[in-house]
Amino acid sequence: SGARVVVVGGGFGGATAAKYLKRYDPSLDVTLIDSQATHFTCPFSNTVLVGMNDMSYIERKFDKLNSMHGVKVFTDMVTAIDPATKVVKTAGGKTFEYDRLIVSPGIDFKWNAIEGYDAAAAEIMPHAWKAGPQTVLLKKQLEAMPNGGLVVIAPPGNPFRCPPGPYERASLIAGYLKKHKPKSKLLILDAKDAFAKDKLFKEGWEKMYDDIIEWVPAAKNGKVTKVNAKDGTVETDFEKYKPAVANIIPPQTAGQIAITAGLTDKSGFCPVDPNTFESTLAKNVYVIGDAAIAGDMPKSGYSASSQAKVCAAAIVATLKGEKPLPLSAINTCYSLVAADYGISVAAVFAVKDGKISSIPGSGGVSPMGANYQFRKKEADFATGWYQSICQDSWA
Ligand code: FAD
């Protein structure tokens, strides 16, 4: 059809969408715009923190999307979207006209939702919830802390990017402390009373990190309400801590451009048609990935990539005047409790009563009480999953 499709963001959602648009209809004119020249993936960034992999392991480039798949790639920050005139504007002064637009900007943070935690505080108490310089900063702090120091991880309430992510991070950091700084402790100060795969994580912690990790739920005064980055303190309603390393993961919203463009509702995320991901607030604009409200689908890289394929197919169908197929999507979240200890949760999704819902009985979660070989195999599957999804999205 030769129609112009512009994609904002080259992460799991955007990169996959751009590639699959060209696959489904090579005649499309597809443009991908990301503010960064390369994308560092959050998946496997926890392994980088503890020295299992280095930054190059999680670095993804866009050149193959161009050379192998014919996507036009621009490094620029999108600053405005006008759905009325179908135009995207960038910080670099460029203007892109589109027939269809896909927005996959990931998340941004609600600064000061935790008192004192703003962009400047994050340079001292890293969130490391976007991979890149923040990952490097948190890694350096872990390396520099004394044996016997305290690490605090403060996960937010739901919804947020990667529900099991903070607990995988706690596990791998505990493994690092056990090996390199065995007198140290790790405190998870949680804004919730339950979390993804919590029984499985706790089983692993009891086995491996019993005297290192302590998880404090919201009901036991775990929720961090205030930080002071300058004096290094972290506070809940009734306690004050002075950790050697504070990893504060604040509440989140859709990426700022989605807010600026008027694509978000009161929740801070973007309402969409559950079969196509077209915004319910702007015609011909589609939102996928962490920024979208996607029912039962967790905010994961796998979800983003699955949504990207559904969305690309829906756009190709509607451009041809055909009716898009009903959504069928998938997610598996692997987490590492140690390098040789993996756990997972999987589901298949369909639209039920206007909402993306997990199909009962379609998925599953790793069994409790599994043996070493079983956990080791799931750790290997985690690595295999990471390599194949990166191949699928960027290569
Ligand atoms: P992103 O992948 O964040 O991509 C957004 C892109 O948009 C970025 O490249 C950004 O530079 C660009 N961008 C944003 N705004 C603009 C703009 N205005 N102009 C131009 N470009 C812009 N998921 C899994 O499936 N498995 C895992 O094991 C896993 N582990 C994780 C571990 C951690 C520690 C964390 C934090 C997350 C993890 N996730 C995992 C979740 C996963 O990272 C996200 O769900 C996924 O990245 C969402 O994809 P996305 O396309 O929505 O956003």
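So, here's what we can say about the structure. (Residues numbered from 1 in each chain as written. Predicted model: local features only at pLDDT ≥ 70, side-chain atom pairs only at ≥ 80, totals over all residues. Heavy atoms only, no water.)

1. Some details on the environment of Asp 211
Reasoning step 1: Along the chain, Asp 211 turns up in the loop between helix H6 (198-208) and strand S13 (213-216).
Reasoning step 2: Asp 211 sits 87 residues away from Pro 298 along the chain, and the two C-alpha atoms are 31 Å apart. (Helix = DSSP H or I, 4+ residues; strand = E, 2+ residues; numbered from the N terminus.)

2. Some words on the nonpolar core
Side chains of a nonpolar character, in soluble globular proteins, are inclined to be buried together.
Reasoning step 1: Ranked by internal contacts, the top residues of the largest apolar core, which has 105 residues, are Leu 21, Ile 102 and Trp 205.
Reasoning step 2: Setting aside residues no more than four positions away along its own chain, Trp 205 makes contact with Tyr 167, Ala 170, Ser 171, Ile 188, Phe 195, Asp 210, Ile 213, Trp 215 and Val 337.
Reasoning step 3: Among the nonpolar cores identified, the runner-up in size contains 17 residues, and Ala 122, Val 216, Val 224 and Val 234 belong to it. (Core = buried A, V, L, I, M, F, W, Y, C linked by side-chain atoms within 4.5 Å. Buried < 20%, exposed > 50% of the residue type's maximum accessible area, 1.4 Å probe, protein only. Contact = heavy atoms within 4.5 Å.)

3. Remarks on the packing of helix H1 (residues 12-24) against helix H8 (residues 301-319)
Reasoning step 1: At a minimum axis separation of 8 Å, H1 and H8 run at an interaxial angle of 35°. When you trace H1 past H8, the crossing you get is right-handed. Contact residues: H1 offers Phe 12, Gly 13, Thr 16, Ala 17, Tyr 20, Leu 21 and Tyr 24, while H8 offers Gly 301, Ala 304, Ser 305, Ala 308, Lys 309, Ala 312, Ala 313, Ile 315 and Val 316.
Reasoning step 2: In terms of residue class, the contact of H1 with H8 is made up of 11 nonpolar, 4 polar and 1 charged. (Axes fitted to C-alpha atoms, helices over the stretch in contact; angles between N-to-C directions. Left-handed = near helix turned anticlockwise from the far one by under 90°. Nonpolar A, V, L, I, M, F, W, Y, C, P; charged D, E, K, R; others polar.)

4. As for the site of the ligand
Reasoning step 1: Neighbouring residues of the ligand: 34 residues in total, closest Asp 34, His 39, Ser 104, Arg 161 and Asp 290.
Reasoning step 2: One of the side-chain N or O atoms of His 39 is found 2.8 Å from an oxygen atom in the ligand.
Reasoning step 3: Between the ligand and Val 78 there is a distance of 2.9 Å, counted from a nitrogen atom to a backbone nitrogen or oxygen.
Reasoning step 4: Out of a free accessible area of 1,000 Å², the ligand has 93% covered by protein chains.
Reasoning step 5: Among the elements of the structure, H1, strand S2 (29-34), helix H2 (45-49) and H8 are those that each provide at least two residues to the shell around the ligand. (Near = heavy atom within 4 Å. Polar contact = N/O pair within 3.5 Å; in protein donor to acceptor, adjacent residues only side chain to side chain. Areas by Shrake-Rupley, 256 points an atom, 1.4 Å probe, with all protein chains shown as cover.)

5. Observations regarding the sheet that holds strand S7 (residues 87-90)
Reasoning step 1: Read from one edge to the other, the open sheet built from 3 strands follows the order S6-S7-S8, with strand pairing classed as antiparallel. The sheet is open, and its two borders are formed by strand S6 (78-82) and strand S8 (95-97), each paired with just one other strand. Within the sheet, the average angular offset between the axes of one strand and its neighbour, ignoring direction, is 20°.
Reasoning step 2: Taken together, the 3 bridges between S7 and S8 define a ladder with antiparallel strand orientation. Each residue of the ladder has a partner; that of Val 87, found in S8, is Glu 97. (Pairing = 2+ DSSP bridges.)

6. Re the environment of Ala 37
Reasoning step 1: Secondary-structure assignment places Ala 37 in the loop between S2 and strand S3 (38-40).
Reasoning step 2: C-alpha of Ala 37 to C-alpha of Leu 200: the two residues are 163 residues apart in sequence and 38 Å apart in space.
Reasoning step 3: Sequence-distant contacts of Ala 37, defined by excluding residues within four places in its chain, comprise Phe 62 and Thr 75.

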